[in-house]
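These are the residues of each chain, in order.
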There are 2 protein chains.
Amino acid sequence: MNGPVIIARRLSALAPLAAETVALLESLSDIRQAPAGSEMVADQAALRPRFLINGWGARVRFLADGRRQILSFVLPGDGLGLCERPNPIALTPVVAITPVQWVEADRIAAAAFGGDNPDLEDALHIAAALDEACLLDHVVRLGRQTALERLSHLFLELRDRLTRVDLVQDQAFAFPVTQEQLADAAGLSAVHVNRTLQSLRNDDLIEYQHGRLRLLRPALLETLADYRAPMVSGWTSARHGADGHRAPFLSGHNP
Amino acid sequence: MNGPVIIARRLSALAPLAAETVALLESLSDIRQAPAGSEMVADQAALRPRFLINGWGARVRFLADGRRQILSFVLPGDGLGLCERPNPIALTPVVAITPVQWVEADRIAAAAFGGDNPDLEDALHIAAALDEACLLDHVVRLGRQTALERLSHLFLELRDRLTRVDLVQDQAFAFPVTQEQLADAAGLSAVHVNRTLQSLRNDDLIEYQHGRLRLLRPALLETLADYRAPMVSGWTSARHGADGHRAPFLSGHNP
DNA sequence: CGGTCCATTGAAGGGGTTCAATTACCGTGG
DNA sequence: CCACGGTAATTGAACCCCTTCAATGGACCG
């Protein structure tokens, strides 16, 4: 699947697109590239609309003493700067984890938010909502899950996101992420990521070598990590757990 | 400052609003309330647009075994369900932490996203961007900060958000949050929250009693927590730290 | 072949959790 | 007015998940 086609594919899976809209997406041709390690989005710069079509990126945030936190991974098919306001507040640097290719998409943004192409606008809104859902999952991972759960959960999320752009074959996908980067994403130390990965391998839950990752028993992993795939147009999964013996969420001022 | 006025105040601080828009906001009158502990937004329900005008809420997520994570606090002046798509994906329950009051805002959403009132639309977009910035801060807190830093950082965020709706006097504000809820927000145990709070008090960094919180040395706290206030229309603060001795973010395939 | 990045392993230590109990704080009803 | 019940805050002690420090080995590359 060549460059811009991947984008049309992904977006039309989110919302039905008119034939002309698909044609518009597939006509994108202003392809750029950058080497691994480069900043796709600088800290301060205005963010021009674009779609990643090849390689991985990461939104990063730094603390003063050098601690790093990866806020999200940017995968092929993902958009950057595709929101109504040209100058979003939550601007954080995006770095290329691998060599990357993207297409400039000013025309797309203009078409979607100009009022024409409501189908496209809708698809972009859904894409943004999915991004936010991932961010919420990330919060839960970091706040309440163990190392094993965090990595499992993250792997499942990546599997699902990559599946949408057809980059997963039989639960396996290219995984060009350093263990240190993985640590920065999962809020762990690189050493402990290493040990947790080994544990996952020893338990035959994943296969991990040569920059490729395979989930061996995905159903088990989903249980282990309490993973639930986001559902477009509404979060279906009911919270399925027993409340256990925990106190009610809030004091008894209510019935 | 009575009910709906707070909303007009807050939004016009984000983007200049036309006089008629302000009037529209101030004319909101469909006030509802609910006791503490009630679900303002159920897990599955469609999310009707509204503004909280009194009390605190919290977006929560549960794991199967009962672990909880507070994704964000919802403060007076904050909107819920104010996005283009009526059925957002990232739907999570919102519970009332205190007794709450809100105004229904279907008319506002219609006006803003109907194409009239671009000023209002802009303000809502900025508000949404601020929300996202808070979420990103939350990720960094949970992923990379210590207990002391997490709480300090969270307090500073709350101070700034409450300042925007004029609920802070001399670095002090009502803080109706249980230590257990605070733990669920900060990704800590309630016990350790307690100890961390004591540490903050012993160091004369905060005053915390009778459901009121005061930041005693805010500048010091900001340094301690590496806190930087979000700037509307662009994230100004440069990362001010030394890179230390850490390896470059990515391998050396780049200049 | 030496350099660099990355994965891996060992050992020690600490920040945070868990369990358990006590104390303080309210609003309620006798 | 005080005992009562329930929630929230506090404290102690033991434990453990994860971090930190340090060192080794492997893979790729110029």
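Quick caveat: nothing in here was measured; it's all calculated off a predicted structure. (Residues numbered from 1 in each chain as written. Chains lettered and ligands numbered in written order. Predicted model: local features only at pLDDT ≥ 70, side-chain atom pairs only at ≥ 80, totals over all residues. Heavy atoms only, no water.)

Here we come to the packing of aromatic side chains. Across all of its chains, the model carries ten aromatic pairs over all chains by this definition. Considering the side-chain rings of phenylalanine 173 of chain A and phenylalanine 175 of chain A, the 6.4 Å spacing of their centres and the 75 degrees angle between planes classify their relative orientation as edge-to-face. Given a relative accessible area of 0%, phenylalanine 173 of chain A falls into the buried group. With 6.2 Å between their ring centres and 75 degrees between their planes, phenylalanine 175 of chain B and tyrosine 208 of chain B make a pair best called edge-to-face. Of this pair, phenylalanine 175 of chain B sits in the loop between β9 (172–174) and α6 (179–186) while tyrosine 208 of chain B sits in strand β10 (residues 206–209), and the two are 33 residues apart along the sequence. Like phenylalanine 175 of chain B, the residue tyrosine 208 of chain B is buried in the burial classification. (Phe/Tyr/Trp six-rings, centres within 6.5 Å; stacked < 30°, edge-to-face > 60°. Buried < 20%, exposed > 50% of the residue type's maximum accessible area, 1.4 Å probe, protein only. Helix = DSSP H or I, 4+ residues; strand = E, 2+ residues; numbered from the N terminus.)

Before going further, it helps to examine the pattern of salt bridges. All names here are of chain A. Evaluation of the coordinates by the stated rule reveals 42 salt bridges over all chains. We note a salt bridge from aspartate 30 to arginine 32, for which the minimum N-O separation is 3.0 Å. For glutamate 222, the salt bridge goes to arginine 159, with nearest N and O atoms at 3.1 Å. Of this pair, glutamate 222 sits in helix α8 (residues 218–225) while arginine 159 sits in helix α5 (residues 147–164), placing them 63 residues apart in sequence. Classification of glutamate 222 as partly exposed rests on a relative accessible area of 28%. Taken together, the shared-partner salt bridges connect Asp30, Arg32, Arg48, Arg50, Glu104 and Asp106 into one network. (Salt bridge = Lys/Arg side-chain N within 4 Å of Asp/Glu carboxyl O.)

Before going further, it helps to spend a moment on the sheet that holds strand β4 (residues 57–62) of chain B. Residue and element names in this part refer to chain B. Across the sheet, which stays open at both edges, the four strands sit in the order β2-β7-β4-β5 with antiparallel pairing between neighbours. Two strands close off the open sheet at either side, each with one partner strand: β2 (39–41) and β5 (68–74). In this sheet, adjacent strand axes meet at a mean angle of 35 degrees when their direction is disregarded. Here β4 runs beside β5; their pairing, made up of six bridges, is antiparallel. When the bridges of β5 are listed, valine 60 appears paired with isoleucine 70. (Pairing = 2+ DSSP bridges. Axes fitted to C-alpha atoms, helices over the stretch in contact; angles between N-to-C directions.)

Further remarks concern the side chain of arginine 10 of chain B. All names here are of chain B. Within the secondary structure, arginine 10 is located in helix α1 (residues 3–14). Here aspartate 78 takes part through its side chain, which lies 3.5 Å from a polar atom of the side chain of arginine 10. For arginine 10, the contacting residues outside a window of four places in its chain are Gly77, Asp78, Ala127, Arg164 and Val165. (Polar contact = N/O pair within 3.5 Å; in protein donor to acceptor, adjacent residues only side chain to side chain. Contact = heavy atoms within 4.5 Å.)

Now for helix α8 (residues 218–225) of chain B. Residues and elements named next belong to chain B. All of the buried residues along α8 are Pro218, Leu221 and Ala225. The arc that holds every buried residue of α8, seen down its axis, measures 55 degrees, which confines them to one face. Structural note: α8 exposes Ala219 and Thr223 on the side pointing more than 90 degrees away from its buried face. Turning to α8, the residues buried within the fold contact α5 (147–164), α7 (190–202), β10 and β11 (212–215). A positive backbone phi angle near 55 degrees is found at aspartate 226, which sits one or two residues after α8. (Arc of directions from axis to C-beta.)

The positions that UniProt labels "domain: HTH crp-type" (unreviewed entry) are, in the present scheme, residues 145–219 of chain A. Helix makes up 55% of residues 145–219 of chain A and strand 15%, with an end-to-end C-alpha separation of 18 Å. (UniProt positions renumbered as here; feature names shortened; annotations may be inferred.)

Taken across its seven residues, strand β5 (residues 68–74) of chain A has six buried, putting it largely inside the fold. Linking strand β4 (residues 57–62) of chain A to β5 of chain A, which pair antiparallel, is a turn of five residues; within it glycine 66 of chain A sits at a positive phi near 105 degrees.

Neighbouring DNA strand D are 17 residues, the closest being Ala147 and Ser189 of chain A together with Gln179, Arg195 and Gln198 of chain B. Alanine 147 of chain A places a polar main-chain atom, nitrogen or oxygen, 3.0 Å from a phosphate oxygen of DNA strand D. The side chain of glutamine 179 of chain B places a nitrogen or oxygen atom 2.7 Å from a phosphate oxygen of DNA strand D. When residues of the surface near DNA strand D are traced back to their parent elements, those giving at least two are α7 (190–202) of chain A together with α7 of chain B. Counting residues per element, the surface near DNA strand D draws most heavily on α7 of chain B, at five residues. (Near = heavy atom within 4 Å.)

Leaving glycine out, the prevailing phi sign among residues is negative, and the prevailing peptide bond configuration is trans. Residue and element names in this part refer to chain A. The phi angle at aspartate 170 is positive, at roughly 55 degrees, despite the residue not being glycine. Residue placement: aspartate 170 occurs in the loop between α5 and β9 (172–174). Phi at histidine 210 takes a positive value of approximately 55 degrees, unusual for a residue other than glycine. Of note, histidine 210 is situated in the loop between β10 (206–209) and β11 (212–215). Since its relative accessible area comes to 78%, histidine 210 is described here as exposed.

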